[in-house]
Amino acid sequence: MSALADRPANPVVGRRAAHESAALHVTGAAMYTDDVAGLSTGVLTAWPVQSTNAHARVTIDVAPAYDVPGVVRVLTADDVPGLNDAGIKHDEPLFPSEAMFYGHALVWVLGDSPESARLGAEAVKVEYEPLPSIITVREAIDARAFQGIARTVERGDAATAIAEADRVFEGVTEFGGQEHFYLETQASFAVRDSEGQYFIQCSTQHPSETQEIVAHVLGIPSNEVTVQQLRMGGGFGGKEMQPHGLAAIAALGAKLTGRPVRLRLNRTQDLTMTGKRHPFHITWKVGVSADGYLQGLDATLTADGGWSLDLSEPVLGRALCHLDNAYWIPNVHAHGRIAKTNKTSNTAFRGFGGPQGVFLIEDVLGRIAPELGIDPTVLREQNFYVPGQSTPYGQLVKDAERMPLIWSQLKGECDFDARSAEVAAFNAEHDDVKRGLAITPIKFGISFNFAAFNQAGALVHVYKDGSVLINHGGTEMGQGLHTKMLQVAATALGLELHQVRLAPTRTDKVPNTSATAASSGSDLNGGAVKNACEQIRERMAKVAGRLLDVDERDVRFEGGYVTGLGNRDLRLSFAEVAEAAYLQRVQLWAAGYYRTEGLHWNPDLMQGSPFKYFSYGAAATEVEVDGFTGAYRVRRVDIIHDVGDSLSPMLDIGQVEGAYVQGVGWLTLEELRWDETDGPGRGRLLTQSASTYKLPSFSEMPEEFNVRLFENAREDGAVYGSKAVGEPPLMLAFSAREAIRTAVGAFGPAGRGVVLGSPATPESVYWAVEAARAEASAELDASEPSRTGVGADAGPEPAFAGADS
């Protein structure tokens with residue numbers, strides 16, 4: 001077997017390849033979970049009865065639903081033969097007796113049509129006994145309402161380092177969540193066959209866990225449940241945990257009625273029932289030397305977990321492991337905790353806590369740079385890790401030299417210094433429109449921070465005619481994982497891409513799979529696919545060696561043909577060798593397996609080496625801000641990002657572009673709002689449609705968008721030398737937020753930090769501009785002589801959440 005990162009001559013990996021379903025996508029022929037349900041007969045539709053109270057004990061009368069024509073069954077807790085729980089923490093009752101948030105599904109109505117199911121749900125009577133509710137993180141902090149296990153990352157003596165620092169700043173950083181808004185909402189379709197087997201089609205990122213939850217709700221072993229995931233119309237983490245209970249509802253309905261059951265949330269249901277990216281509330285204090293070197297950081301991070309734990313604990317853990325981003329902070333004390341609120345249970349979202357951790361340090365540096373009188377670009381650059389340094393949780397920062405190299409390359413390619421001068425000149429000439437240019441880095445750890453998830457399997461079949469079929473445990477949500485796996489298999493077997501076909505992800509083909517998450521889909525499943533292919537190739541090499549009269553070690557597979565060193569005149573097709581192998585009773589299929597080596601992690605101490613490697617990148621963004629409205633436009637974006645030796649460059653560049661835009665959406669546009677009043681609508685999500693929840697669109701795309709992959713970047717520990725791409729580029733969007741901060745600061749006096757709300761919506765930016773202008777006006781008034789000719793007394797410095805203490 002070859003080393004994991006080694007590439008043969010003329011590999012298929014590394015080529016620009018179209019997405020394997022691209023033609024199906026653009027023609028509308030691609031099938032999704034609910035499309036399969038729509039082609040079936042006798043299908044029932046499941047519809048939820050949702051709570052209209054943020055927190056209450058409920059009494060439910062389902063009898064009126066049966067008076068509605070077409071209603072077949074109402075599912076309640078009494079119908080559950082197994083465990084009435086939709087999660088893995090046993091804190092998410094599938095049918096609750098206590099409504100925990102406004103929109104909570106209480107019971108489900110099955111109808112012959114979506115309309116009959118909807119009308120049946122409206123007929124169900126619910127009586128509420130209201131209970132006290134907590135809606136905001138601040139309310140939870142005041143009430144000491146926490147859940148799960150609190151964690152602390154610590155190195156050195158942060159308190160002493162801060163006390164002895166030349167400059168000390170402190171503040172509060174708050175930022176909101178983010179709605180996944182995948183194009184395909186949550187969907188499941190369940191059928192029970194004549195043998196009692198449950199076949200679940202599900203839009204899920206974690207088919208094995210969906211299988212497990214369905215089994216424990218039905219009280220049956222996992223071998224009676226098969227989950228298939230054909231493709232998803234987007235996931236972004238929202239389909240890692242949240243689909244499980246919905247699939248269980250469909251399966252329970254199929255069990256009780258003997259008919260297929262479809263469950264597809266409409267957009268409003270999806271928005272009001274499913275979790276979001278975790279909002280955070282962070283208090284911090286930082287000590288800095290006079291010349292701008294970080295000395296110590298003390299922070300308390302409070303994540304809004306919502307009503308149940310879901311994945312909040314690992315999300316918090318990853319946030320704590322990324323609050324350093326690309327910077328050396330010698331002394332750190334960071335405490336993390338999870339608030340319990342009466343809102344949807346927040347869950348995985350692209351970056352999985354990493355963006356929330358990075359937010360802290362980037363916000364701190366952006367705030368304090370003007371106060372220190374240091375250019376933010378210089379402040380960031382001089383605090384980069386250098387080779388030999390370790391993270392606050394004790395992991396050596398591998399390839400630390402890549403960050404300054406990417407940084408310098410990007411600055412040169414985008415002409416950063418000259419454009420900074422142009423921006424300054426523009427701002428000097430314009431009073432009501434200002435521009436900002438900022439550059440920010442990312443260092444992102446790759447691997448699940450739950451060690452057991454860092455494994456994958458694959459099943460590869462070579463048929464007698466030389467065609468190849470692969471199964472793997474990863475799921476396709478539009479990111480191109482299947483395309484990359486086809487390229488890996490073609491490379492490992494020495495075939496052309498068209499000779500390999502991929503089958504849908506199924507739990508009866510590859511068991512015990514990990515979620516397609518943590519940017520690890522290609523690393524894990526690619527390793528497993530390569531392993532299976534190499535087993536088959538080694539067996540076929542023995543056969544080919546005899547046919548070619550060469551040593552099996554001298555057999556070469558390339559371009560669909562098989563040759564031998566020293567006998568290149570004789571060439572066999574791959575199909576000929578496959579046929580010969582079959583006739584010689586040589587096994588032509590293999591189960592592949594991969595586990596990530598070198599990981600160790602103690603979650604109690606928050607110390608170890610949880611990541612296989614780090615991905616690096618940098619982005620420079622230029623924006624223009626309108627001082628009258630706070631509206632901004634992104635004029636230009638330049639990115640260099642490290643994906644190792646890319647498996648599929650065109651897909652990877654698309655992932656970088658998409659992640660950046662999604663990050664800009666979270667940081668500047670997408671504002672989730674709940675009713676925080678004490679009225680009857682308390683806890684109701686107010687932004688429950690595309691008309692009230694602002695998503696990035698073509699109008700928010702950068703006017704100029706330049707993306708390049710970092711070159712000569714082979715990663716020895718990963719399949720064919722590649723690196724993850726899904727999550728890290730999202731955090732390049734901090735350059736947009738920092739550019740907006742710089743532009744806002746240009747409306748005010750020099751040397752004053754800008755506190756910018758998040759998301760930095762036009763409204764938020766407008767008020768930040770007004771604050772900057774007020775400071776400029778106050779400074780001007782203070783500098784003007786009084787009527788008596790005596791200079792006016794300088795008043796106290798304006799309050800600033802990050803001011804020196």
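Rules used in this analysis
- Residues numbered from 1 in each chain as written.
- Predicted model: local features only at pLDDT ≥ 70, side-chain atom pairs only at ≥ 80, totals over all residues.
- Heavy atoms only, no water.
- Helix = DSSP H or I, 4+ residues; strand = E, 2+ residues; numbered from the N terminus.
- Rg over C-alpha atoms; globule rule 2.2 N^0.38 Å.
- Buried < 20%, exposed > 50% of the residue type's maximum accessible area, 1.4 Å probe, protein only.
- Areas by Shrake-Rupley, 256 points an atom, 1.4 Å probe, with all protein chains shown as cover.
- Lys, Arg positive; Asp, Glu negative; His and termini not counted.
- Charge placed at Lys NZ, Arg CZ, Asp CG, Glu CD.
- Salt bridge = Lys/Arg side-chain N within 4 Å of Asp/Glu carboxyl O.
- 1 Å grid on protein atoms, 1.4 Å probe; cavity = no way out; pocket = protein on both sides within 12 Å on 5 of 7 lines; lining within 4 Å.
- Points joined across faces, edges and corners; volume = space filled by probe spheres on them.
- Nonpolar A, V, L, I, M, F, W, Y, C, P; charged D, E, K, R; others polar.
- Expected span 1.5 Å × (residues − 1).
- Pairing = 2+ DSSP bridges.
- Axes fitted to C-alpha atoms, helices over the stretch in contact; angles between N-to-C directions.
- Contact = heavy atoms within 4.5 Å.
- Phe/Tyr/Trp six-rings, centres within 6.5 Å; stacked < 30°, edge-to-face > 60°.
- Parallel < 35°, antiparallel > 145°, perpendicular 65-115°, else oblique.
- Left-handed = near helix turned anticlockwise from the far one by under 90°.

Q: Help me out: how do you make sense of the overall build of the chain in this one?
A: A tally of helices and strands in the chain yields 19 helices and 29 strands. Relative to the globule expectation of 28 Å for 805 residues, the C-alpha radius of gyration of the chain, 28 Å, shows essentially globular dimensions. Across its three principal directions, the C-alpha atoms of the chain cover 105 × 80 × 50 Å. Per-residue burial over the chain gives 60% buried out of 805 residues. Surface accessibility of the chain: about 29,900 Å² in total, with carbon and sulfur atoms responsible for 51%. Looking at charge distribution, the chain has the averaged site of its 70 positive side-chain charges lying 5 Å from that of its 101 negative ones.

Q: Mind showing me how you'd approach the pattern of salt bridges here?
A: Pairs can form between side chains of opposite charge once their charged atoms are near each other. Per the stated rule, a full pass over the model turns up 54 salt bridges. The residue R682 makes a salt bridge to E139 at a minimum N-O spacing of 3.1 Å. In this pair, R682 sits in the loop between helix 17 (649-668) and strand 29 (705-709) while E139 sits in helix 4 (residues 137-143), placing the two residues 543 residues apart along the sequence. With a relative accessible area of 12%, R682 lands in the buried category. Assessed through its relative accessible area of 26%, E139 is described here as partly exposed. For K411, the salt bridge identified is with E381, shortest N-O distance 3.9 Å. In this pair, K411 is assigned in helix 12 (residues 402-413) and E381 in helix 11 (residues 376-382), connecting sequence segments 30 residues apart. On the accessibility criterion, K411 (19% relative accessible area) is buried. Each member of the salt-bridge network shares a partner with another, and the members are E362, D363, R367, R380, R737, E738 and R741.

Q: I keep staring at empty space enclosed by the protein and nothing clicks. Help me out?
A: With a probe scaled to a water molecule rolled over the atoms, the places where space remains empty come into view. Counted by the stated rule, this structure contains six cavities of 30 Å³ or more. One number sums up the size of the largest cavity: a volume of about 370 Å³. Contributing to the lining of the largest cavity are 21 residues, with A86, E92, Q242, L246 and M273 lying nearest its centre. Elements with a minimum of two residues in the lining of the largest cavity: strand 5 (105-111) and helix 7 (243-257). If you tally residues by element for the lining of the largest cavity, the top one is helix 7, at four residues. Taken together, the residues that form the lining of the largest cavity break down as twelve nonpolar, seven polar and two charged.

Q: When you look at helix 10 (residues 354-372) in this model, what are you seeing that I'm missing?
A: Residues three or four positions apart in an α-helix share a direction because the helix packs 3.6 residues into each turn. With 19 residues, helix 10 should cover 27 Å at 1.5 Å per step; its first-to-last C-alpha distance of 27 Å lies within 8% of that length. Where burial is concerned, most of helix 10 is hidden: 18 out of the 19 residues are buried. One or two steps after helix 10, the chain reaches G373, where phi turns positive at roughly 70 degrees.

Q: Would you take a moment to explain the environment of E154 for this structure?
A: As for its position among the elements, E154 is in strand 7 (residues 146-155). Put simply, E154 and G526 are 372 residues apart on the chain and 35 Å apart in space, counted from C-alpha to C-alpha.

Q: What is the right way to look at the sheet that holds strand 29 in this model?
A: Sheet strands associate in pairs through backbone hydrogen bonding, adopting either a parallel or an antiparallel arrangement. Pairing within the open sheet is mixed, and its four strands lie in the order 16-27-28-29. The open sheet terminates on both sides in strands that have one partner only, identified here as strand 16 (433-446) and strand 29. The mean angle between the axes of side-by-side strands here comes to 15 degrees, regardless of whether they run parallel or antiparallel. Sitting on the sheet, helix 12 touches strand 16, strand 27 (613-626), strand 28 (632-641) and strand 29, and the angle it makes with strand 27 is about 30 degrees.

Q: Looking at this model, I keep getting lost on the sheet that holds strand 11 (residues 225-229). Mind explaining?
A: Pairing in this open sheet of eight strands is mixed, and the strands run 3-5-1-12-9-10-11-20 from one edge to the other. Strands with a single pairing partner mark the edges of an open sheet, and in this sheet they are strand 3 (71-75) and strand 20 (505-506). Bridging between strand 1 (residues 44-50) and strand 12 (residues 261-264) involves two bridges; their strand directions are parallel. From the neighbouring strand, L44 faces strand 12, where its bridge partner is V261.

Q: Any chance you could explain the pairing of strand 6 (residues 125-130) here in plain terms?
A: The two faces of the sheet receive side chains in turn, since in a regular strand these alternate between them. Among the six residues that make up strand 6, zero are buried, leaving the element largely open to the surroundings. Alignment of strand 2 (residues 56-61) against strand 6, held across six bridges, turns out to be antiparallel. Residue pairing across strands places R57 opposite E129, the latter belonging to strand 6.

Q: Sorry, what's going on with the packing of aromatic side chains here?
A: Aromatic rings considered in pairs are described by the distance between their centres and by the relative angle of their planes. Within this structure, the stated rule accounts for 19 aromatic pairs. Measuring from ring centre to ring centre gives 4.1 Å for F175 and F359, while their planes differ by 25 degrees; the resulting arrangement is stacked. Pair noted here: F175 is in strand 8 (residues 167-175) and F359 is in helix 10, with a separation of 184 residues, a long-range link. Considered together, F175 and F359 belong to a single accessibility category, that of buried residues. Ring centres 5.6 Å apart and planes at 55 degrees place the aromatic pair Y660 and F705 in the tilted group.

Q: So what exactly am I meant to see when it comes to the packing of helix 6 (residues 207-218) against helix 7 here?
A: Two numbers describe a pair of packed helices, the interaxial angle and the distance between the axes. At a minimum axis separation of 9 Å, helix 6 and helix 7 run at an interaxial angle of 45 degrees. Between helix 6 and helix 7, the angle falls in the class oblique. The two elements helix 6 and helix 7 meet at a crossing, and its hand is right-handed. Each of E209, T210, I213, V214, V217 and L218 in helix 6 lies in contact with helix 7, whose residues at this interface are H244, G245, A247, A248, A251, L252 and K255. Among the residues forming the contact of helix 6 with helix 7, the class breakdown is eight nonpolar, three polar and two charged.

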